[in-house]
Amino acid sequence: MSSLRTMIAGRGLAFTTLVTAAMLLPGLGVTVSESGTAVLPLLAVLTTSAIATEMTFRLIRKQALTAHNVTTAFILAILLPTEIALWRAATMTVLGVTLSEMIFGGRGFGFLNAAVVIAALVVVSFPGTALASLTDMHAAATAPAVLALAVAGVLPWRALGAFALGCIAMTGLSDTITTTTAWGVLVFGGVFLLADPFASAQTRSGQVLQGVLAAVLFAFLGAGGADATTTLVRAVLLTALFVPLLDQAILTIGRRIDARA
Amino acid sequence: MAMREIRSALITNNPVTQQILGICSALAVSTSVATALTMSMALTAVLCTSNVIISSIRHHIPPSIRLIVQITIIASLVIVTDQILQAYAFELSRQLSIFVGLIVTNCLVLGRAEAFASRNPVGPSAIDGLANALGYSLILLLVGTVREVLGQGTWFAMTVFPLASNGGWFEPIGLMTLAPSAYFVIGFLIWAIRSKRRDLVERTGYGLRREELSDD
């Protein structure tokens, strides 16, 4: 089993949160410069509701207070449309953080990325809502994050690499991947949604399979011409459901090989 | 005795949240309170009557064909209920579509017939049927309330939140009209009940093995 979780545990969840949040700031900057300061109230509401949900559960469970979901709020401020009604964003954030993390005991215990779940909930709950389209600028702003997160040891880079290779392999099959606007989504989503250190596969081969599966699903789900951001959210969420199974399969195979040797 | 039965079936031994029976219909008909209430009444009628009938002829049913006999009795009752609904509440019966008919396959009805009515006297069987039906109804109405209020902004078709399309502020949460939301709501209910009542938590059936818990 990969030592990713051990490594993160060694450095502390707080460290991971801090690095990730810092690496999201350039992307947030791009969103503010592109859609104006209208995103700031949304960011405030998202941050408040995400952290309030997390803290409420930790208070009830008599655990030390944390604010890991600050990263969830940052990611969502970039993903959600700026004009979304604030109460919608808040309601779905509370529901999503509860469903994806708190049910399992908090960050690091579950297998879902809260931001992915919340974005999916918004799309399903309010038909007609289109997620924000990310630009090449978002891709550029995310590039340094790849390096920083990898150096900090909190990036499951195999998943990201397999996803990138998978996307290249699937190019031509899907309209979504070939359009230029998909770049921002692919890079940003690949790093912050798919390659989540907690939600990604915990075995090395599992991470590779996860990346490939996400790329294949992205190509197929986007084939109908749906917008790239929504397609990626769907692909990552669907992949996430299979990730524990992939890990389990890899572990079983490994155990059989060990037993034979 | 009767009151204790009923109280137990409402929370501690609730057919939906504790025995996890009748889930399929619970999610199908709980989009609005009106359909949930109709379904609850139909199920209560069927469950009480079937428990009484099966219990009263329990000594005359050969064990080898008891399931067939039970299903036949339940199916007959369901058909009667469905016909009555179609005659007197046609609109509602159209909204419930096949789900009244599907009470036949509702595991709750057959479950109580097999587990209780087929080996207990008529009186207790009637109470058992009523208690379980009330437990089912309670959950159905709760889920129906949550789903109708959040999904349509109404309760029993009365406005709770004024809709934006009618000049109000509320935009219905579309998720709540979809079947998965019933699972979410029931799941949250079970979670809340078991956090409050630790004694209702089952023992872990398939825990992780020691080597699965260790890291490397």
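Residues numbered from 1 in each chain as written. Chains lettered and ligands numbered in written order. Predicted model: local features only at pLDDT ≥ 70, side-chain atom pairs only at ≥ 80, totals over all residues. Heavy atoms only, no water.

Condition: UniProt positions are given in the numbering used here, feature names are shortened, and annotations may be inferred rather than shown by experiment.
An unreviewed UniProt entry annotates chain B as Na+-transporting NADH:ubiquinone oxidoreductase subunit D originating from Hoeflea halophila. Turning to chain B, the UniProt record has this under Subcellular location (unreviewed entry): "Endomembrane system".

Under an unreviewed UniProt entry, chain A has the name NQR2/RnfD/RnfE family subunit of NADH-ubiquinone oxidoreductase and belongs to Hoeflea halophila.

## What to know about the UniProt feature "transmembrane region" (unreviewed entry) in chain A
All names here are of chain A. Applicable threshold: Segments assigned H or I by DSSP are reported as helices when at least four residues long, segments assigned E as strands when at least two residues long, and all are numbered from the N terminus.
Under the local residue numbering, the UniProt record ascribes the feature "transmembrane region" (unreviewed entry) to residues 39-60, 72-90, 110-134, 146-171, 177-195, 207-226 and 232-253. When the span residues 110-134 is considered, its composition is 48% helix and 0% strand, and the gap between its end C-alpha atoms is 27 Å. Helix makes up 81% of residues 146-171 and strand 0%, with an end-to-end C-alpha separation of 22 Å.

## Let's talk about the side chain of Ser 93 of chain B
Residue and element names in this part refer to chain B. To keep things clear, this is the line we draw: Each residue's exposure class comes from its accessible area (1.4 Å probe, protein chains only) as a fraction of the maximum for that residue type: buried when under 20%, exposed when over 50%, partly exposed otherwise. Residue contacts are defined here by distance: any two heavy atoms, one from each residue, within 4.5 Å place the two residues in contact.
Inspection of the secondary structure assignment puts Ser 93 in helix H5 (residues 90-96). Residue class for Ser 93 comes out buried when judged on its relative accessible area of 8%. For Ser 93, the residues in contact, after removing those within four places along its chain, are Leu 85 and Gln 86.

## Digging into the pattern of salt bridges
In plain terms, the rule: The salt bridge definition used is simple: a Lys or Arg side-chain nitrogen within 4 Å of an Asp or Glu carboxyl oxygen.
According to the stated counting rule, one finds 6 salt bridges over all chains in the structure shown. A salt bridge links Glu 101 of chain A to Arg 107 of chain A; the nearest nitrogen and oxygen atoms lie 2.9 Å apart. The burial state of Glu 101 of chain A is the same as that of Arg 107 of chain A; both residues are buried. Here Arg 197 of chain B ties to Asp 199 of chain B by a salt bridge, and the two come within 2.9 Å at their closest N and O atoms.

## Observations regarding the UniProt feature "transmembrane region" (unreviewed entry) in chain B
All names here are of chain B. Residues annotated by UniProt as "transmembrane region" (unreviewed entry) correspond here to residues 20-47, 96-117, 129-149 and 169-193. Here residues 96-117 is 45% helix and 0% strand, with 28 Å between the C-alpha atoms at its ends. Secondary structure content for residues 169-193 is 60% helix and 0% strand, while the C-alpha to C-alpha distance between its ends is 33 Å.

## Describing empty space enclosed by the protein
Rolled over the atoms, a probe as big as a water molecule pinpoints where empty space is left. Residues and elements named next belong to chain A. Counted only if it meets this: Definitions used throughout: a 1 Å grid over protein atoms alone; a cavity as a set of points that fits a 1.4 Å probe which cannot get out; a pocket as an open set with protein on both sides within 12 Å along at least five of seven lines; a lining residue as one with an atom within 4 Å of a point. Grid points are joined across faces, edges and corners, and a volume is the space filled by probe spheres set on the points. Side-chain classes follow a simple rule in which Ala, Val, Leu, Ile, Met, Phe, Trp, Tyr, Cys and Pro form the nonpolar group, Asp, Glu, Lys and Arg form the charged group, and the remainder, Gly included, forms the polar group.
The full count for this structure, using the stated rule, is 2 cavities of 30 Å³ or more. As for the largest cavity, its lining consists of 27 residues, and the residues nearest its centre are Arg 107, Asn 113, Asp 196, Pro 197 and Phe 198. Among the secondary structure elements, those contributing two or more residues to the lining of the largest cavity are helix H2 (13-35), helix H4 (70-79), helix H6 (114-125) and helix H10 (182-194). Here the lining of the largest cavity is built from residues that sort into 15 nonpolar, 9 polar and 3 charged. Taken together, 13 residues form the lining of the second largest cavity, with Asn 113, Leu 193, Ala 199, Val 236 and Ala 240 sitting closest to its centre. Of all the secondary-structure elements, those providing two or more residues to the lining of the second largest cavity are H6, H10 and helix H12 (228-260).

## Some details on the layout of surface pockets
The space that makes up the second largest pocket amounts to roughly 500 Å³. Taken together, 22 residues line the second largest pocket, and the ones lying closest to its centre are Val 117, Ala 120, Leu 121 and Leu 237 of chain A together with Phe 184 of chain B. Counting residues per element, the ones that place at least two in the lining of the second largest pocket are H6 and H12 of chain A together with helix H8 (179-196) of chain B. Considering only residue class, the lining of the second largest pocket consists of 19 nonpolar, 2 polar and 1 charged.

## Side note on the side chain of Thr 35 of chain B
All names here are of chain B. Operational definition: Counted as a polar contact is a pair of N or O atoms within 3.5 Å, where, for protein atoms, one must be capable of donating a hydrogen and the other of accepting one, and residues adjacent in sequence contribute only when both atoms are in side chains.
Mapped onto the elements of the fold, Thr 35 is located in helix H3 (residues 33-56). Separated by 2.8 Å, the side chain of Thr 35 and the backbone oxygen of Val 29 make a polar contact. Apart from residues lying up to four places away in sequence, Thr 35 is in contact with Val 29, Leu 92, Gln 95 and Leu 96.

## A word on the packing of aromatic side chains
Rules: Stacked, edge-to-face and tilted labels apply to pairs of Phe, Tyr and Trp rings (six-membered ring for Trp) whose centres lie within 6.5 Å, assigned for plane angles under 30 degrees, over 60, and everything in between, in that order. Whether a charge sits over a ring comes down to the Lys NZ or Arg CZ being within 6 Å of the ring centre and within 35 degrees of the ring normal.
The final tally for this structure, using the stated rule, is 11 aromatic pairs over all chains. Between Phe 57 of chain A and Trp 191 of chain B, the aromatic rings sit 5.6 Å apart at their centres with planes inclined by 10°, giving stacked as the arrangement. Taken together, the residues Phe 57 of chain A in helix H3 (residues 39-60) and Trp 191 of chain B in helix H8 connect one chain to another. A relative accessible area of 26% places Trp 191 of chain B in the partly exposed class. Aromatic rings pair up to connect Trp 87 and Phe 126 of chain A together with Phe 161, Trp 169 and Phe 170 of chain B into one cluster. Looking at Arg 88 of chain A, its charged tip hangs above the ring of Phe 126 of chain A, at a distance of 4.1 Å from the centre.

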